[in-house]
Amino acid sequence: MCDFNTLTDEEKKLHHEKLLQCANNFGGKNFFLQLLEAIRETKPHPLTAGSNQFSIELGTIKWNKVIFNDKLQLLLKARVNESEQDNFLPKPDEKNYKKILNVVRTLKPIVFHVKPAHKEDGPGFFFQPFDTIDDNTTKLNPVFDALFFCSVETVKKALNYEPKA
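Residues numbered from 1 in each chain as written. Predicted model: local features only at pLDDT ≥ 70, side-chain atom pairs only at ≥ 80, totals over all residues. Heavy atoms only, no water.

Asker: Explain the side chain of Glu82 to me, please; I cannot follow it from the model alone.
Answerer: If you trace the backbone, Glu82 turns up in helix 3 (residues 69-85). Apart from the residues lying within four places of it in its own chain, the contact partners of Glu82 are Asn87, Phe88, Thr138, Lys139 and Leu140. (Helix = DSSP H or I, 4+ residues; strand = E, 2+ residues; numbered from the N terminus. Contact = heavy atoms within 4.5 Å.)

Right, here's the structure in full:
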């Protein structure tokens, strides 16, 4: 997702529609982008918050399990290779396979709930960190990737993408 320019037109359209739907359910593009900017500015990374939530004036993200920094660091390293191998998981014979598989097993059941502060801004949305394609293929959920890792500029590109007719 973060390599938006390298995606096919079909993938760009899919990511655009998904992110636009999430933004609209959180009060619109501007509120959504402000949430992303707040996440980027927060140190340490909001995912490692012991309270399992991240709040700003515009709304809140809550999740149901503590994420430790070591898992976050492995996640950050593994996501860099995802677009090259078209899979979050490395090949089973690679030395970091078990560690990354463990990250997926740990984080997969987590559900993130994003709610705006005011009901009139939208119903909010929820998502999980990974999409399982088959037994051997797992991908980062583009919403998870966009919310916590991609640059705000990349997410803006995706939100403003005009599908070719």
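Continuing now.
Asker: Teacher, can you tell me more about the pattern of salt bridges here?
Answerer: Two side chains with opposite charge may pair up if their charged atoms get near one another. Tallied over the full model, the rule gives four salt bridges. One salt bridge in this structure joins Lys13 and Glu17, with 3.7 Å as the shortest N-O distance. One end of the pair is Lys13 and the other is Glu17, both in helix 1 (residues 9-24) and four residues apart, which spans about a single turn. You can call Lys13 partly exposed: its relative accessible area is 33%. In this structure, Lys139 engages Asp86 in a salt bridge whose closest nitrogen and oxygen atoms are separated by 2.5 Å. You can see Lys139 sitting in strand 6 (residues 137-140) and its partner Asp86 sitting in the loop between helix 3 and helix 4 (97-107), a full 53 residues away along the chain. (Salt bridge = Lys/Arg side-chain N within 4 Å of Asp/Glu carboxyl O. Buried < 20%, exposed > 50% of the residue type's maximum accessible area, 1.4 Å probe, protein only.)

Asker: What's the story with the pairing of strand 2 (residues 59-63) in this structure? I'm lost.
Answerer: The two faces of a sheet get side chains in turn, since along a regular strand they alternate between them. Of all five residues that make up strand 2, four are buried, and the element is covered over most of its length. Where strand 1 (residues 53-56) meets strand 2, four bridges bridge the pair, whose relative direction is antiparallel. Within the sheet, the bridge partner assigned to Ser55 lies in strand 2 and is Thr60. Hairpin geometry of strand 1 and strand 2 is characterised by an intervening segment of two residues between the two adjacent antiparallel strands. Relative to strand 3 (residues 112-116), strand 2 is paired through five bridges, and the arrangement is antiparallel. Counterpart to Trp63 in the pairing with strand 3 is Phe112. (Pairing = 2+ DSSP bridges.)

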